[in-house]
Structure formats: C-alpha cells, structure tokens
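Okay, here's what each chain looks like letter by letter:
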Amino acid sequence: MDEEDRGSPSDVASDSCGLLDVHLSTDEDIEDEGSDQKPAPPSDLKWLEELSEEDDGDGDLAAVADYGQKRSYAETARMFKLRRNLDQLDRFHRQKEHDVLKAREELKLCHQDIKSLVEQRDNLEKQIERQKAADNSVAVFRLRAQHKHLCQKLQSEEELEGHINTELNQLELELSEVEVEIGRHSSLRQELQEEEQVFRVLKAQKAATRFQQERHASQNLQLKMQHHRDKQAAMVKKEESECQRKIEERRASRKIAAKYLKETIKRMHQQEAEKEQQNRELLEKRIQAVNSLKSNIAATQESLRVRQSRARANAQKKEQQQRQLKESLQAQGINSIKHMYQQKQLEKIKRKQEEFEERQKSKKEAIVAKILQEEQLVKNRERHQAKLPKLSTTGKFPSLGRAREKLPYLCPTPPSATEERATILREFSDISSSSSASSDVEDPEETIHQEVDHQSLADSLAEPEFSGLWDQNYKKLLNEKTTSVQAEAKQEEPAMADGKLSMPAKKVHGKELKGSPFISKPEVVLFKDFEVGKVYKKKIVLTNISYTTNHCKLLGVSAQLKEFISVNFEPPGSLSAGMSCDMQTVFQPMINEDLEGEVQFASAVGPFCVPVRCTIKKCALEVDSQLIDFGSHVVGQTISRTITLTNKGALATLFSLETSTCLSPETSHVQMPSQVSANTCQETSSQNTTSHNKKSFASKGTGEIKPKQESQELSEASQHEKPVSEASATDPEAIPEACVSTDAGAQVDESPLDASDISLGNVREGEIGPFESIKLEVVFTPTIPGEANLDFHIKFTNLSSKPIPIQVRGIAVSIPVWVVQPSIDLRICMFDCLYQDTIMVQSRASTALKVTFEVCPEIRKHMEIVPKTGFIQAQSSFNAQLKFLPRHSLSKDVKKFFDNDTGVLEVPMTVQVAGQVQPVHFTVQAVVTSTDLQFDRTEVDFGYCSIYQSVKSSVCLTNLSLLPQDFGFLGVPEFIEVQPNDGFGTLLPQETLEIDLIFSANKTKEYNFQLRCKSGINRDFQLSCQAVGVCPPMELSHSVVQFGATARCLVQVMFRPRLLEQEIKEEVLRLLQRAKLLREKEPEMNRHTEQEIPVEPSKGKKASVNPKNSNVSDDPKTDKLTESPNPADIQPGSEQYEEARASLLHSFPQRYSEYTIPCFISDGDSPEEDRQAQPAWSPFNTLYLKLQCPAIRPSLVVISNNGQNIIDFYQVAVGEKVIKRFTVQNISKESLDLRTSILDIHGPFSLLNALRCIRPGEKHTLILAFSPTLEKTYCETLGIQNQRMTLEVTLYGEGVVPAVTSSHPGGLLDFGYVLQKENTSQVLKLQNSSAVAVGFRVLLASLSPSRPQGGADRVAFLLGSYIDSQVQLTVGTQNYSGLSVFSVVPVEGSIAPGQSQDITVTFQPDHPSVNYSDKLTVEIMNKSKLCVMDLKGAASSHNMYLYGGDLLTVPIESLLPPLITSQTQLTESEVMEKPSIPMLVTLRASYSGGAITPALRELQVGCIHSTQPSKKSGEFYWDNVASLQQQGFSVEPSKGTVEAGHKCTIRVTWAPQSGYKPYEVVQTCAPLTVKGDERNVYRVTLMAWVSTTAD
C-alpha cells in the first residue's frame, strides 16, 4: 500500500495504540467531498479515468446499466475503493484470528510445562527426604540445589502464563471488535458485489464492441492490400512489356554498332601498321645519330687530351713564374703573400668587368634582334589586316562550322613560323632578367600567340570513328543553306571595303580631318576571360570629333564575329561636334578561342570602325625568383626560404613540384661536333668567358639534341666521357683556370650530386586559383660539409603553361669544434666510488673560442666536469676532467637516463661553443652496480649447545654486485669458527657461497654476539648470533661411530635401443647404390623390349641400331649424379637421412643382446692424503650383473615433423588457442588400438580428436591444442599407447600475457552537437607492448545479438522514474534510415608486437535528437574487456542550439510519425509563425541560518562547426529582461555572439524579492531567440522557490 492510500480518509488505519479504528467511505462522504470540486484520481487508478472517458463516448454501454444512466468516475472509484477496504478488513480479521490461535497454543504449552515442573519438584522433595533419612549430606546438598533451580524455573513459567493470559484476552477483544465491524458492513458488501457484477458486464460488452471494430478494420485493411497487389501486378506487367521493347531496341542498335566497330578495328590496324613503320624508320635514324656521336666523342676526347696537356704546361709555367716572383719580392723585402693576393683580386675584378661588358654586349645584340623581329611581326600583322575586308566580301560563311574553316585567324601556320616563334621565345627567356627589355616582351608575345592559334577546325577537331546515318541528309541541307546564305550575304553586304580604303582625306572649314571622325569610349571593346555559353554586354559611347555636324550609320561587324557579336544601335541622326551617342554590343561566345574584329560604321566624312577583341581564360604563372642561394651555413642549422608562385590569369590550374632527375634546361643541350671542335681554350679567363658566351648564344638557333629524346646517346656519351672526368679528378691542379664546355658528358658531371640536405616544404602540390598567390617553402638542413644543389620544376596541368625551373644552392660548413671521443664509456662502476676520465675537445677554428660544458640538472649530484668553462685556442685541443661519484639516490634522481633493472646509465652531455649554433653532443655511459653483500638471513640461532660438542649452522652470502668482491670475517670470537678458508675469500659477480658457522660453547651461559663481515671497499655487514651453552649431566665415551663397508647397493639400469648413426649412413649409401643399379638395368630392359618388336627392312637395307644411343650410362652427367657421397657429408635431418632411418625401422629384424656388468666393491675409503686416488678393492668381492636385452621393430613411428617426437608451440598469448598436427604410422603387421595417457585436466595442452584402431600401413593424425592460462613455460609428456609399446611425445609451450593499452581510459566519450546528416570522428589508439600478436574486437551495444529485442530493455526504464535528467539508456535513439548512429572502423583485427592500431569512432545522425547514445566495448582475444566507453552525441537541424534545462519528456524517442492535428482553429498569424521550443529551468534557493542563498543555473548556447556553406557564426538575445528582473531573475549575458565550434554559458540566477511568501513558487516565461542559419525561439519557463531542506 503506497503513501496516498494510507493518507486517504477511506483507508483502514493500523492499530497503533491498542484500539481499532476502521472507517469506510459512504455515499454521503463522497457527495460531501465532491460537492465543491472533482477529486483527483490516485496514481494507481489513472486507467479508470481513461475507461470512464471511453464510456462517455460509447452509447451502447449506457443502455446496459440497470439504473438507465451512465456511471460516473466517482462511482467507479468508490466501488474499487470499497473493494480494497473490505479486502483489507478481511485480511485484518484473518490476521487477528491467527494471533488468537497462536496465543492459545502458547498458553497450552505453558500449562504443560508448569505441570511437568510440579511433578519434578515433588519427586525431588521425596528424594531429599530419603537422603536425609540415609544421612547422605552430599546428596542432600545436590538435590536442594536442583530443587531451588526448579522452583525458580516454575516461578518464571507461572509469570509467563499470566502474561499470555493477558495478551490472549486483548487479542480476543480485538477479534470481536473486528467481527462486529464486519457484520456492520455486510449490507455494504452485498451492494458492492452487485456493482461489481454490473461493471463486469459493462467491461465484457465494451470488449465485444472493440472486437467488432477491430475485425471491421482488419477487413478494410485486407481489401486495401488486395487492391494494392492488383495495382502492383498491373505495374509489373507494364514494366515487363516495356523491358521487352527496350531489349529489342538494344539488339537492333547492337547490330548496327557491331558493323561500325568492325570498320573501326580495321582502321586501327592500319594506323598501327603505319605507326610501326614510322618507329622503325626513326630507330634507324637514331642508330645513325649514335654512330656519328661516337665518332665525334672520340675526336673530342683527343682534342681534350691536347687541351689538358697544354693547360698543364701553362699551369706549371704559371707556378714557376709565381715562384720566381715570390722569391724576387722576398729578396726586395716586400710581403709576397699580400702582394700576390692583391694581384689576384685585381685580376678577378678585371675579369668580372670584362664579363659584365660581354654580357651587356650580348644583351644589346639580343635586344636589337628582338626589335627587328618585332618590326617584322608588325609588318606581317598590317599585311594580314589589309587582307581582311576582301575576305569579308565573299560572304561564304553559312554556318559556324564553315565560318571556322574560312576565318583567316584559324589558318594553319607554316612550320617556319613555329620555329621562328620558338627561337624568339628562347631569346626572350635569356634576357628576361634585364629591366630594359622587360617592357618590350608583351606585344611580341601577344602577336606570337595569335599566329600560333591560326589553326584550322579540321586539324583541331577529332574525326569520328564511323560516319553517322544522318551525314547524307545533313550534307544536302548544308549545301542548300550555304547557297541561300551566300546569296543573302551578297545582297546585304554593302560595297564599303574598297571605299574605305580609297577614301581621301577631307577638309572641313579649311582644316584637314585626319583619322576617324568618331572616337569610341572605350577605344577597344574588350571581352576578357569569357566563358562559352554566357552572354556579355558592353556599352559604347561614340563621340563626334569632326569639325562639323556629322552622322553615323552601322554597317555591320567583321565576318569572323558575325556568329558571336550583335550590335544594338539606333541611328541618332545628325550630331554636332562634341556630341555623342550610345550603342550596346552583345557577345555570346560559342567556341573557346580568342577572337578579333571590328564594328564598322559609315559617316558623312567617311567610314570608321571600332576594334573588338575577345580573349579566353588563360593561366599566367610566374615566380618571384628562380634562383635560391642559401649561402654558407654551419652543419646542424635549419634555414628556410620562400618563393611566391603567382597566377595572374583567370584560369585555375593544378601544380606540382618535381625534383629534376635530368639536367637543367640551360645545360641540357648537346652541342654538335662541329661546334665542339671549334671551341678552343684561351690562356686568360676573360677570353675564355667571352668565347664561351658567344658560342653558347650562337648555338641557340641551331638544331639541338635533347636528353629526353636521346637518352641512349647520352648514356653512351657519358660512358665515353668517364675516363676523361676521372683523369681530371685525379689531377685537380691540371686545369686551374681553364673553361672546358665540350660535350654532354662534361655537362652531366656538372649536375648536382647531393641534394639530400635541401628539401621542399609541406606544400608540394595543389591548386592555384585565378589571381592567387601561393608560398612555397624550401628548407636547407646541412648535415654533411660541402656544396648542396637541388634543381626542381614547378609543373602544371594546364598544357599551355610551361614548367618553371628553380635552382637551389647552398654550402654546408663543418662545425669548428668537436669532441674527439663522442662516447665515453666508464664501464662498470660501484656506488659511492669516484671514477674519473678525460674529455678532449678539438678546434679547427682560426680564433680562440669559449666552450662551456653543460651537465643535465638531474645528474649534477653524481657527475661533474672540471672546469665548466674554458677557452680553446686556435687549431688546438682542450682537456676537461670528468668526475663520476654515483650515489644510491641515482635511480630516483635520474629516472630518465638510468635503468634500475639493468643498471645501465647513459647520459647525454652538451658542449656549448660561443658563436656556434649547433652545440657539440657526447654521451657518458656506465653500468652502475651495487656493492652489497647479502646474508640469506639476518639472525642465526644455534639453540642449546653442550660444552662437550660443537653445533654447525650454515648461512649463504651473496654478492649482489656485477664485480667480484673480497670479503673477510674480522674480530671473530674464540668460541666460533668460520669456514671455509677461515672466513676469507672472493665472491664472483652474483655468486652465492655457503659459509659454515661452527659454535663451540666453553661456558654455560647465553651468548649474544655480532659477526662482522667486511668487504674489499671497507663496508661492514653485521650478522646477529645467539646460543645457550649447557652442561649435560652425562658424557659419552665416543662422539662418532664408524661402520664398515656393507655389500648392498641399489643399481638402476635403463634399456633404450636406438639406431646408430653409422648404420643410418650406411643405409643411405645402400639405397643410393640400389638406385644406381636400377638406372643401369633400365637401358638393358629397353633394349630387350626393342628386340622383341619385329623391325621390317626397307628397300633391302638392314636396320641398324646406334650403339651410342643404347648406352645411357656413358653420359658424364649421369655418372656424376650416381657417385656415392661421402658418409661424413650426410647430415642428420636431411631427406636422405630420414628416408634411410625410415627404411631401417620398417625392415628392422628382431635382435637379442646380452651384457654382463661387473660391480667392483672397495675394501675401504680413499686415503686422506689423496682423496682422488683409486681406493683398494679385491677381485673376490666383485659382483656381476647380467642384462638380457631383446630389441624388436617398433609398431608405431612418427612420420611428421622430420620424425621428431617433440612439438614446440613457442610463445602463445594467454587466452589464445594454437593447434598443431602430429602424424603417426602403423608399421607392424597387425592392427593397433591407440590410446593416450591422460594430460593434465587443468593444464593448457589438450587432444582435440579421438584415437581409433589403425590397420597395418595406415596413418593417423593427432590434433593437439595449446591454450595457456598463465604466464609461464609449460611442458608435458603425451604417451601414445598400444598393445606393444608406448610412444612418448614431449609438448612444449610458453604462455605470454598480452599487454595492450588504450589511449582512452574508458567512461564517457561525448561527441557533442553535430548537424544532421553530417559526421564527426574520434580516434582511439591501441598499443601492443607484448611479444606476440594480439587480436581485438570492438563491440557496439546497439549491434549486439544479445541485446533484448522489441525494446524490452526499456520497460524498466519506462516504468521507473525519469525525472532525473542524468538518467540515460545504454542504447539511445537510432537513425530512421536503419543505419547505426555510431560506427567503428576497424571492427576487429590483430596488432603486431610493438605496433599500434587506430580505431576510428564515427558519429553520423540523420535526424535531430539529443538522446543518441551507445556503449562501445573493446575486447582482446582472451575475452577480457580492455576498455568500455559510453558514447553520447546530439544532432540538430540548425547550427545554433540550446541545452541545459530540465527534462520534459521521456529520453526515449518513438519511431512512429507524430500525430497530425487539425489546424482549423489556428489563425493565419499562428500558422505562419514558427512554433517556439519549450524549455523548463527550475531554480531552488536554500534557506539556512537566517540567510538565503540565491539559486543558480547555467544554460549552454552553442554554434556547430559545419562544412556546409552556411552562416559560420550565430547570435542570441533574451526578450523581456526587465520583467525577469522584477521577479528576481537575472541572466548574464542577455545577448551575445557565438563563433562556429564554440559555446557560450548563460548564468541564470534568482533571489527572492521583498514580500516573498514562504513556500511560494515564482514562475515566469521569457523567450530566448537564437539566430544562425535559421531563427529559433525557445520559450524558457523559469520556476523558483525557497527550500529549507538540505540536498
């Protein structure tokens, strides 16, 4: 019974004060209570309210009632409440009856006990009288004590009887009262039974009505399903007919396609044959070129040798002159080194000046050549434009395809123009760095692009593989249209071209008008970066600049622009000077090509035109620098440079950085032999440079062989050039200032050899958009001294954009200071001992440098370098002293560098050098060991010792150090002796020595003393000893009894027959000999077979047999194979060895052997002087043992695992099972019933299959499994038994515990808020630190097969309380699509030893909800749970969200669609306005100690970060903040902005205002508006009150 039932006035109250108070509700009570208001239904009778509501809507139930009116809810509730109270009264009556019966039984038992105690008391009194008469005082006293105890017991029983009587009377009284109450309500009970009968009838009829309704609904549903099935059948039939029609159409089209496919294949074969012929011809040309190149290389080598010898002679001559000059200067007293240095500097400056003049001269020549070329191009353009009007009068442009064939700018350019353009571009690229020529490059480039684009449509468009069925009709229509359009064009086109060109200049008001009478603004109509399919419009203003009134008339546009450009122009009439008119030009491109033309007008003065230019989107790529020079840097530095790649065009492209594997563009050309032989080396460097520049410039326009096309020639050339380069490398001073640039081989040697120190940055590829710039990083990290070069290209996917070469240079310089011995090994060191060593630092610098030795702060207590700072002189060394004194706190102070288990210490040291960026590192290594000597026990107790005897006790002394230690027991008392060696000796590392302590008491007393053991380093180790000396009352005559030798001994003999290794090797030889004899007999058998077959002679000739073919053994190879091997070369375990062993076992005969073993017995012990001497023995005391050893062939042998009976499972993870197979064979002549011995039932080894009877020659495979449960090594023996023998198999295996750790400790993994249909992921890392591979499996509770189906796991949750907002289910809301909300990749797998595995958990909801949850469990192979995580997430349809309020609904989402309620009663404003989202926030202020603590709640407003192109941030604000403050509420902040991916906390506080009444609930509502991609309004209801109870 709940609390509500106990508190109602119609309940039965319990008897708390001994009185019964039973009150049943009557009709009058219910009427009084319900006169004012309808009582609220209890929580357990809520279903009655629903039942009464259903009764109100059902008219059939009202007619069944006896009283002819509906039953109200109060009547039904009264009926159930009366039934409950009457049942309670009946239960109370039965309980009282039971209590009365129980009390009566207790009273009855009490009477029986009293009666028995009275009888016992009477018997005792009689016995007391008898004993008194017998004068037995002892018995009298005992009986009186029993009598007294019995009387006390009888008195307690009488008291209990009185108490039970009182209780029984009270219970009987209560029972009678209950019976009276039951009788008083008997009429009420009868009335209740009648009402219940009526209620049951009503309920049964309602059930019947519902059944009828359900059956009617089921019939309607079946009719709908039948209609749906008929409709589906009709649709299927229609789809089948449609499918059949499509199949027939496909067959017809397939036949037509097959016809044209054959034609295409035939044409492809012809093209392949032509291409193969061209390749053959090209190969022959390349062969000829290679041969000529070889001859040229040979000539070049000869000339190079001559030049080298000449250069060598010049160098020797120059050295001799310098030597003479130096001697003469020294003789004059002049500093020869300084003078020669100045001379070299002057020569270098002069040479640079001459090189600069030569470069200026060559650039001037290039500029002049370029200007001439530009003039020629301008003349060509003028001639080309002069021809345009004649082409426009033809009018033969009927369609786009024909127009593109006829337009002059699409005409193909002759090859000479292309070569000329390439030559000009090369000249431009050579002088692009010159500022004077930079402005002149633009116009020629545009002209060149225009000329290159003059290609015909037939060359640019691809030809179809087969002609279409429409070609014939199309050609007819095309010819007709062409004829009609040409006629119309001739009629419409005015004859203005000739007049335009021949019209003379006119004079107006005495002034001669030159040029166009109208000017346009803009002067050129430019449509830049157009896209095909779009429409472009431009407004043009024409202004009359003539000196009189003029007019203008539109004649048309150029022929090449008619298809694309239309002009909207209304003639303005006469225009005065300075007046203007407008026109609009509309451009609709249909081809992606550059177009040029003009809009033609006529005026009173003469014709004029407005130029029109249309350009497509292009890429214009450039870098700010093509040469990066890092300069000189010390090894160890990291320097980065940045270059900027800029796209000045409107077309985006992809770029990639590729390191050059071939030569750079400037040096990738191979000069022709004539040019190579023409180059001569001058004596001075200036002349050499000049000649080199001239020849390199002159060779640009000639034919050149590129390495990409002639890779084979270059490889051969480099092979021929290799000896020359080696010769020059061996004699570096042979050509000190010579400039040799002869062939490709020399240029290949100039390529960068080592570019490993130069690397590219992270950005190596990507996309550069229109008018964008990208920073590219180049990093120089010198590691090896020397020059580092790297050439790379920036390549683009746009075919019109050429790769941009970038050259990177850098020089690595060695560090000036280094440590001679980078690793100092102090070997094994002991604690508390000082060790020293020398650190030598060497310098190659030319100045003195300051060096500072830095020691890690952790090891400064144990290690020191003296001095810490010093100066190392130029090109000298510096010595410092290293002091190492390890202390016992080393393991705590230096955890990072010291391994406590092995004792290995490895400390990095640093030498800081002033002015040197990279410090010098060296390492100090040592193995630190302990100096302890340890006893196996701390105290020795000798016990009681007689003064006539000695007692020995042994202790073990262990050396815990890794070094040997000397020890000795010093100050030993006279009554104790230490052995061996009197307590002195040496202990090896980790050695344990047993020491005997012999105690001889000399007095009867207690002995307590300390034995002191001192080590070689003067450490003391104490051992406490105690004993008690006693003097026995008797003394024995002898303390040792010696017995003589006795002729009795247990001798164990084991017999195990085995095959000898020599026998097996002999069997191998015998088998090889047998195989050889079989091969020798095989030809004879073949010859006999041939003789048996008759051979018929042919044409009288006899059939002869070739004797050479008949003898196969004459082949030397066969003899070599059949040679007998050396027995020493036969290795056990080889194939021949195992075959011979199996053969011996199969043919092993029964063998019987007898052995006699003598047993010699000595007459006494060995002499004490020499214990190693042979003791004396007598032949008469010799015993003999005869052994009879029969050996038979084994019935069972092992044929797997190379005959070995050892199975090793190696290392296996605990919990994992590994299976191996083991095969045996029956080689006996009878069947064998196999059985095995019993393995340990708790062990890891198990036999998985059953054994059976195997017949002779049969095999049987045993399947064994190893599944360890502990981390240790296992070994068991499995016996395979039969009737004749037992075959023992040894099983080995080691269990290893898998050590797998997780990056997440478990618990909650919150993904936060995500937009619907988007996802977010988190990575969980598993690390396997064990020595074996470990398998894992990831389980989701939502996908678990053991999860209750149909929502059974939510029943308890729904029936319980869900008011607490923290309550969450294990598996929450799921996706509507059926896909899992949380997904894991990978689900299972294996982790290799020492490796890690990343597990990605993805959260991807498909609809908004805040109740997404799941549980993720990671299990390893032994079913143990590695970690368990609760996954939680929320999804929203908008980027802004609000959470933190109280839970208003059950946190379980239904998959049924929401009910659609009618909106007929809503106004238009309510329909148009978006409904607000309700939220409840309760605040409870606490009252204690006369003070009120304000209530505080926090709400979270967040903005979801998304990849969708939506609003990146959001804002929020509260409405009616003033009304909130009036009731004591305050919100901070009241408005704000939230960036994407962030949250903002809103603090809501409440403090009661003056006039607040206790226990009053303050409630108000305030709208909170959040704006993101959409605007949402939250209707926040704030409820606050003051509580005096503690939480």
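Residues numbered from 1 in each chain as written. Predicted model: local features only at pLDDT ≥ 70, side-chain atom pairs only at ≥ 80, totals over all residues. Heavy atoms only, no water.

Draft legend 1. Here's a closer look at the overall build of the chain. Counting secondary structure elements, the chain contains 28 helices and 68 strands. The 1591 residues of the chain split such that 31% are buried. (Helix = DSSP H or I, 4+ residues; strand = E, 2+ residues; numbered from the N terminus. Buried < 20%, exposed > 50% of the residue type's maximum accessible area, 1.4 Å probe, protein only.)

Draft legend 2. Broad picture of the sheet that holds strand S45 (residues 1245-1247). In spatial order, the strands read S40-S42-S47-S45; together these four strands make up an open sheet with antiparallel pairing. Of all the strands in the sheet, the pair left with one neighbour each is strand S40 (1196-1198) and S45. Taken over all neighbouring pairs, the strand axes of this sheet differ in orientation by 35 degrees on average, direction set aside. Taken together, the eight bridges between strand S42 (residues 1218-1226) and strand S47 (residues 1259-1266) define a ladder with antiparallel strand orientation. Its bridge partner lying in S47, Arg1221 is registered against Ile1263. (Pairing = 2+ DSSP bridges. Axes fitted to C-alpha atoms, helices over the stretch in contact; angles between N-to-C directions.)

Draft legend 3. Structural detail: the environment of Cys552. Assignment of secondary structure puts Cys552 in strand S6 (residues 552-557). Given a relative accessible area of 3%, Cys552 falls into the buried group. The spatial distance from the C-alpha of Cys552 to the C-alpha of Pro607 is 8.6 Å, given a sequence separation of 55 residues. With residues near it in sequence (within four places) discarded, Cys552 still touches Phe518, Phe569, Pro571, Pro572, Cys581, Ala602, Ser603 and Phe608. (Contact = heavy atoms within 4.5 Å.)

Draft legend 4. Examining the packing of aromatic side chains more closely. All chains considered together, the criterion is met by 27 aromatic pairs. On the numbers, 6.3 Å between centres and 50 degrees between planes, the contact of Phe935 with Phe969 is tilted. With Phe935 in strand S29 (residues 933-935) and Phe969 in strand S32 (residues 965-970), this pair connects stretches of sequence that are 34 residues apart. Both residues of the pair, Phe935 and Phe969, count as buried. An angle of 55 degrees between the planes, with centres 4.9 Å apart, marks the rings of Phe975 and Tyr1007 as tilted. Of the two residues, Phe975 sits in the loop between S32 and strand S33 (976-979) while Tyr1007 sits in strand S36 (residues 1006-1015), which places them 32 residues apart along the sequence. Tyr1007 matches Phe975 in its accessibility class, with the two residues each being buried. In this structure an aromatic cluster arises from ring pairing among Phe942, Phe975, Phe999, Tyr1007 and Phe1009. Its guanidinium or amino end placed over the ring of Tyr260, Lys259 lies 5.8 Å from that ring's centre, counting from NZ or CZ. Cation over ring: Lys538 sits above Phe527, and NZ or CZ is 5.6 Å from the ring centre. (Phe/Tyr/Trp six-rings, centres within 6.5 Å; stacked < 30°, edge-to-face > 60°. Lys NZ or Arg CZ within 6 Å of the ring centre and 35° of its normal.)

Draft legend 5. Molecular detail of the sheet that holds S36. An order of S30-S37-S36-S32-S34 is seen for the five strands of this open sheet, with the pairing classed as mixed. A strand with exactly one partner marks an edge of an open sheet, and here the two such strands are strand S30 (939-946) and strand S34 (984-987). Across the sheet, the mean angle from the axis of one strand to that of its neighbour is 25 degrees, orientation sign disregarded. In this structure, S36 lies alongside strand S37 (residues 1020-1030), joined through nine bridges in antiparallel fashion. Paired with Lys1014 across the strands is Asp1020, a residue of S37.

Draft legend 6. Inspection of the nonpolar core at higher detail. One finds Ile839, Phe853, Leu905 and Phe922 to be the most contacted residues of the largest nonpolar core, which totals 37 residues. Where this core is concerned, the elements lending two or more residues are strand S20 (817-819), strand S21 (823-830), strand S22 (835-843), strand S23 (849-854), strand S24 (863-866), strand S26 (877-884), strand S27 (904-913) and strand S28 (920-929). Not counting residues up to four positions away in its chain, the partners in contact with Ile839 are Val819, Ile824, Phe853, Ile865, Phe878, Asn879, Ala880, Leu882 and Phe922. Cys1503, Trp1518, Leu1524 and Tyr1578 belong to the second-largest nonpolar core, a separate cluster that totals 30 residues. (Core = buried A, V, L, I, M, F, W, Y, C linked by side-chain atoms within 4.5 Å.)

Draft legend 7. Looking closely at the packing of helix H5 (residues 73-134) against helix H6 (residues 137-184). Here H5 crosses H6 at 160 degrees, and the two axes come no closer than 7 Å. Looking at the two axes, H5 sits roughly antiparallel to H6. Here H5 runs over H6; the crossing is left-handed. Considered class by class, the residues forming the contact of H5 with H6 number 24 nonpolar, eight polar and 19 charged. (Parallel < 35°, antiparallel > 145°, perpendicular 65-115°, else oblique. Left-handed = near helix turned anticlockwise from the far one by under 90°. Nonpolar A, V, L, I, M, F, W, Y, C, P; charged D, E, K, R; others polar.)

Draft legend 8. Fine view of the pairing of strand S17 (residues 773-780). Judged from the eight bridges that link them, strand S13 (residues 639-647) and S17 form a sheet pairing that is antiparallel. What sits directly across from Thr642, in S17, is Glu777. When strand S15 (residues 758-760) meets S17, the two strands line up antiparallel, connected through three bridges. Looking at S17, one finds that Ile758 is bridged to Phe780.

Draft legend 9. Seen up close, the pairing of S26. The alternating pattern of S26 places Phe878, Ala880, Leu882 and Phe884 on a buried face, while none of Ser877, Asn879, Gln881 and Lys883, on the opposite face, is buried. Pairing analysis gives eight bridges linking S22 to S26, with the strands arranged antiparallel. Looking at the pairing, Gln842 lines up with Ser877 of S26. Alignment of S24 against S26, held across four bridges, turns out to be antiparallel. Looking at the pairing, Glu864 lines up with Lys883 of S26.

Draft legend 10. Representation of a negative patch on the surface. Residues Glu119, Asp122, Glu125 and Glu129 make up a contiguous surface patch of negative charge. Within the secondary structure, Asp122 is located in helix H5. You can call Asp122 partly exposed: its relative accessible area is 32%. (Patch = residues over 30% accessible without salt bridge, like charges linked within 9 Å, V, L, I, M, F, W, Y side chains within 5 Å. Areas by Shrake-Rupley, 256 points an atom, 1.4 Å probe, with all protein chains shown as cover. Salt bridge = Lys/Arg side-chain N within 4 Å of Asp/Glu carboxyl O. Lys, Arg positive; Asp, Glu negative; His and termini not counted. Charge placed at Lys NZ, Arg CZ, Asp CG, Glu CD.)

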